[in-house]
Each structure stands twice: as structure tokens, then as C-alpha cells.
Amino acid sequence: MRLVVGLGNPGPEYHRTRHNVGYRVIDAFAAKHRIELPTHEKDAMTGRGRVAGRALMLAKPLTFMNLSGKAVSSLVRAHLDSLEDLLVVYDEIDLPLGRLRLRERGSAGTHNGMDSIVESLDTGHFPRLRFGIRGSTYSKSVDLARYVLEDFEPEEEPIVEEGVAKACDAILLFARGDLRRAMNTFNREPEPEGRSDDDPTPPDAG
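Residues numbered from 1 in each chain as written. Predicted model: local features only at pLDDT ≥ 70, side-chain atom pairs only at ≥ 80, totals over all residues. Heavy atoms only, no water.

(A) Molecular detail of unusual backbone geometry. The phi torsion at A52 lies on the positive side, around 55°, for a residue other than glycine. Secondary-structure assignment places A52 in the loop between β3 (44-51) and β4 (54-61). Taking relative accessible area as the criterion, A52 reaches 42% and is therefore assigned partly exposed. (Helix = DSSP H or I, 4+ residues; strand = E, 2+ residues; numbered from the N terminus. Buried < 20%, exposed > 50% of the residue type's maximum accessible area, 1.4 Å probe, protein only.)

Have a look at this one:
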């Protein structure tokens, strides 16, 4: 079985925020593949289904972002034989809005949720999908902790929705066991207009 975890904070007040885009991707993928997440298990809401003939579990931790590792490590111990079958989806302020980055392994960077997961698993050797949330309203002078907890701007929503759809396609390839193809496809997309990975990148928060 493969496990896909989307990071976020529980509660309706966080539903449309930048920091909850991991939840949003999981919800979109679940709706597309008719998977419900009715089970409260290991400090997360989970649901199971079969996608491309493979068993798949979706999960949204309920521990709040900074303690995500508690839920993820418990789910991994209960359901997985290998960390290669884990994919974590989360927001990334260091990427332009809607841009995806898929990696087989890596550090936590400065994302507190990922830091918690890496610490709890005692390794960063597991796949992760980062979703860019740095929009046009960002500047170096903003309070970053506040910025990531703001809702996306209305004019940003079409870019976010397009990114969510592509993230769902990337998850499908992961579920099929084709992570390399997903990386080749989604890590080489052209830049959104006016954006570049060479833009100054601020530290992450939360």
C-alpha cells in the first residue's frame, strides 16, 4: 500500500489558507477518485481506496502543522513496510505560486511540519511534493508566519486550482509506482509568467 499525506491545520478557519494547500490537494484527489476520509486514526483523518489497481491511503494529520510528525510516524509504523511508499504534500514559500517540486528525498528545509516529520521518522529519505504558495502579494517586509495563514487572493485562485490539478496528476503517477516519470513531468514545467526560481527566496515559517 502507498500512503499520501497532505499537511495542514484542522478547522474551518484554516481551510483556504496558503499553509493548508496540502489538505486541499488531498481533498481534490479524494474527490476525483471517490475516496472518502471518514476514519479518525493515529491523529489523522484517513481514507482508503484503489487507484490504478493499487491500494492507497490518504491522510490529513489533525495535530496542527508543527506536530505533523506525530501522526505521520504513527501511520507509517502501522501501514508501511518502506518509506518509499510515503508521499508528503505540503506548501512551499520558496516556490512561485502553483509551481510543483517533487523529490525522492531531502531535508526539511525551514518548514516546521516537515521538520517534525523528519525528526519523528529520523530520516528525510522519503518522497515529498512541494506546492509553491509565494504569490504576488508577498514581499520581504511581510510577516511570513501571518502570510502563510492568510487565504489565497481571489485573483490567485485560478493558478492554485491549476496547481492542485497537476498535483493530483503527480500523486496518480506516484500511486502507480512511477515517481521518476512524475518528477520528469512536473519538475520541468515552464515558469508562471513573471516568476522565476531565481527570485529571492525567503525563509519558510510554520
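What follows continues from the structure just given.
(B) Layout of the confidence of the model for the protein chain. The pLDDT averaged across the protein chain works out to 89; a share of 91% of its residues lies at or above 70. Between residues 191-206, whose pLDDT stays under 50, and residues either more than four places distant or in other chains, the model counts 47 contacts. (pLDDT = per-residue confidence, 0-100. Contact = heavy atoms within 4.5 Å.)

(C) Up close: the sheet that holds strand β7 (residues 128-134). A sheet is described by the order of its strands in space; here seven strands give the open sequence β2-β3-β4-β1-β5-β7-β6, paired in mixed fashion. Each of the sheet's edge strands pairs with one partner strand only, and the pair in question is β2 (39-41) and β6 (100-103). With strand direction ignored, the average angle separating the axes of adjacent strands in the sheet is 30°. Direction of pairing for β2 relative to β3: antiparallel, over a ladder of three bridges. Bridged to E41 within β3 is A44. The strands touched by helix α2 (residues 68-79) are β1 (2-6), β2, β3, β4 and β5 (86-96); relative to β4, the strand with the most contacts, the crossing angle is about 155°. (Pairing = 2+ DSSP bridges. Axes fitted to C-alpha atoms, helices over the stretch in contact; angles between N-to-C directions.)

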